[in-house]
Amino acid sequence: MEILREFERIDLPGPRPRVGVELMAGRWTKTNDKTQWIGGLDVRVDGDDLLVRVAGGGAGPSPADWGIVRTTTVYAGWLTSGDATAGAFVAKYALPDADVELQANLNLGLLVVATYVRFREPGPYANRFTREFFRRDV
Amino acid sequence: MSVVEAALDLSVIVGDWRNTNPAAGIDRIVCEAGDDGLTIHCSSGVRDWGKVAAGVFAFEFDSGQAGAFSAVYDLGFEEVRVQANVKQGVLVVVTLNAFKDGSGRSNYFNREFFYRS
């Protein structure tokens, strides 16, 4: 068995368990009253994946509606089960001027969303990292 | 490295970073600036992951200072997305780990913290 870290040396027979993506689904609203990069997310289950819709938060060149994309990968909270209580997902957006890798993870009931914004052409904006927090809209 | 990335100052990121938790997964990350931009070199107690190129990112759209990076290791049996940012002098590193070897190990999310040595 190949490993990158000692704790990966666990003999678990395949196939790997399904990641419980349902825990990450829902409507998520920003916790900060101020303008920010992302205003909210609508995350829905589609089979073993998630469909993610992002609403812009009004800051910088963030479109009002980023559209819907399918997650590229979903992650459990640890390698021994599919429990997504501390899980995560990655989704990729092609916005009008920039490519964005969005990474979200559950932490104590909040959805912590990081984005890596890479502009295709030189312009007024620097490539940017954002990290913002969202609560479940109940 | 894109023209946009070339404009960013890498001094906050460049360095030899050691894990704050000796029992954690990645022992050390060496971040170096070169002609082709930033490279990172991760290693654990069981494997040298090698060097890969990393994209760099500012914290603000009008900033010239890089504070975050993102890189991908594809080791064949496992793909690891390494995403990190410097916060109050600490390198906060998220890894998104996806196994491709047919084992029963789940893809998993992990976060670790590093200090500059």
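The model shown is predicted, which means the values in this text are computed figures rather than measured ones.

Attention now goes to the overall build of chain A. Per the secondary structure count, chain A includes zero helices and nine strands. Counting from the amino terminus, helix and strand elements in chain A follow one another as β-β-β-β-β-β-β-β-β. Seen along its three principal axes, the alpha-carbon backbone of chain A occupies a region of about 50 × 40 × 25 Å. Considering chain A as a whole, with its 138 residues, one finds that 36% of them fall into the buried category. Considering only intrachain contacts with a sequence separation of at least 6, the fraction spanning at least 24 residues in chain A is 36%.

Here we come to the overall build of chain B. Looking only at helices and strands, one finds one helix and eight strands in chain B. Along the chain direction, N to C, the helices and strands of chain B fall in the order α-β-β-β-β-β-β-β-β. For 117 residues, the compact-globule estimate of 2.2 N^0.38 gives 13 Å, and chain B sits close to it at 14 Å. Projected onto its principal axes, the C-alpha positions of chain B cover 45 × 30 × 25 Å. For chain B, the proportion of its 117 residues judged to be buried stands at 39%.

The interface is formed by 45 residues belonging to chain B together with 44 residues belonging to chain A. Contributions of two or more residues to the side of chain B that touches chain A are made by α1 (3–6), β4 (48–58), β5 (66–74), β6 (78–87), β7 (90–99) and β8 (108–116) of chain B. Its residues placed into classes, the side of chain B that touches chain A shows 22 nonpolar, 15 polar and eight charged.

One finds Tyr75 and Phe89 of chain A together with Ile40, Val56 and Phe69 of chain B to be the most contacted residues of the largest nonpolar core, which totals 64 residues. With six residues, strand β8 (residues 110–119) of chain A is the single largest residue contributor to this core. In this view, Tyr75 of chain A contacts Val19, Gly87, Ala88 and Phe89 of chain A together with Leu96, Asn107, Tyr108 and Phe109 of chain B; residues no more than four positions away in its chain are not counted.

With respect to the helices and strands, Ala58 of chain B occurs in strand β4. A sequence separation of 50 residues divides Ala58 of chain B from Leu8 of chain B, and the C-alpha atoms of the two residues are 7.4 Å apart.

Right, let's talk about unusual backbone geometry for a bit. Residue and element names in this part refer to chain A. The amide bond that connects Gly14 to the next residue, Pro15, takes the cis arrangement and shows omega of -5°. With respect to the helices and strands, Pro15 occurs in the segment before β1 (26–30). Phi is positive for Leu108, which is not a glycine, with a value near 55°. Position of Leu108 relative to the elements: it lies in the loop between β7 (98–107) and β8.

Before going further, it helps to examine the pairing of strand β3 (residues 37–43) of chain B. Residues and elements named next belong to chain B. Summarising the sheet, strand β2 (residues 28–34) and β3 pair through seven bridges and their orientation is antiparallel. Along β3, the bridge assignment pairs Ala33 with Leu38. Linking β2 back to β3 in an antiparallel pair, the connection comprises two residues. Relative to β4, β3 is paired through six bridges, and the arrangement is antiparallel. Its bridge partner lying in β4, Ile40 is registered against Val52. Linking β3 to β4, which pair antiparallel, is a turn of four residues.

This part covers the confidence of the model for chain B. Averaged over all residues, the pLDDT of chain B is 94; the fraction at 70 or higher stands at 95%. Interface scoring of the predicted complex returns ipTM 0.94; its pTM is 0.94.

Residue and element names in this part refer to chain A. Checked against the element boundaries, Val54 lands in strand β3 (residues 49–56). Between the C-alpha atom of Val54 and that of Val43, which follows or precedes it by eleven residues, the distance is 8.6 Å. Look past the residues within four positions of Val54 in its chain and what remains in contact with it is Ile38, Leu41 and Trp66.

The rules behind these values
- Residues numbered from 1 in each chain as written.
- Chains lettered and ligands numbered in written order.
- Predicted model: local features only at pLDDT ≥ 70, side-chain atom pairs only at ≥ 80, totals over all residues.
- Helix = DSSP H or I, 4+ residues; strand = E, 2+ residues; numbered from the N terminus.
- Buried ≥ 20, exposed ≤ 12 C-beta atoms within 10 Å, placed from the backbone.
- Contact = placed C-beta atoms within 7 Å.
- Rg over C-alpha atoms; globule rule 2.2 N^0.38 Å.
- Nonpolar A, V, L, I, M, F, W, Y, C, P; charged D, E, K, R; others polar.
- Core = buried A, V, L, I, M, F, W, Y, C linked by C-beta atoms within 7 Å.
- Pairing = 2+ DSSP bridges.
- pLDDT = per-residue confidence, 0-100.

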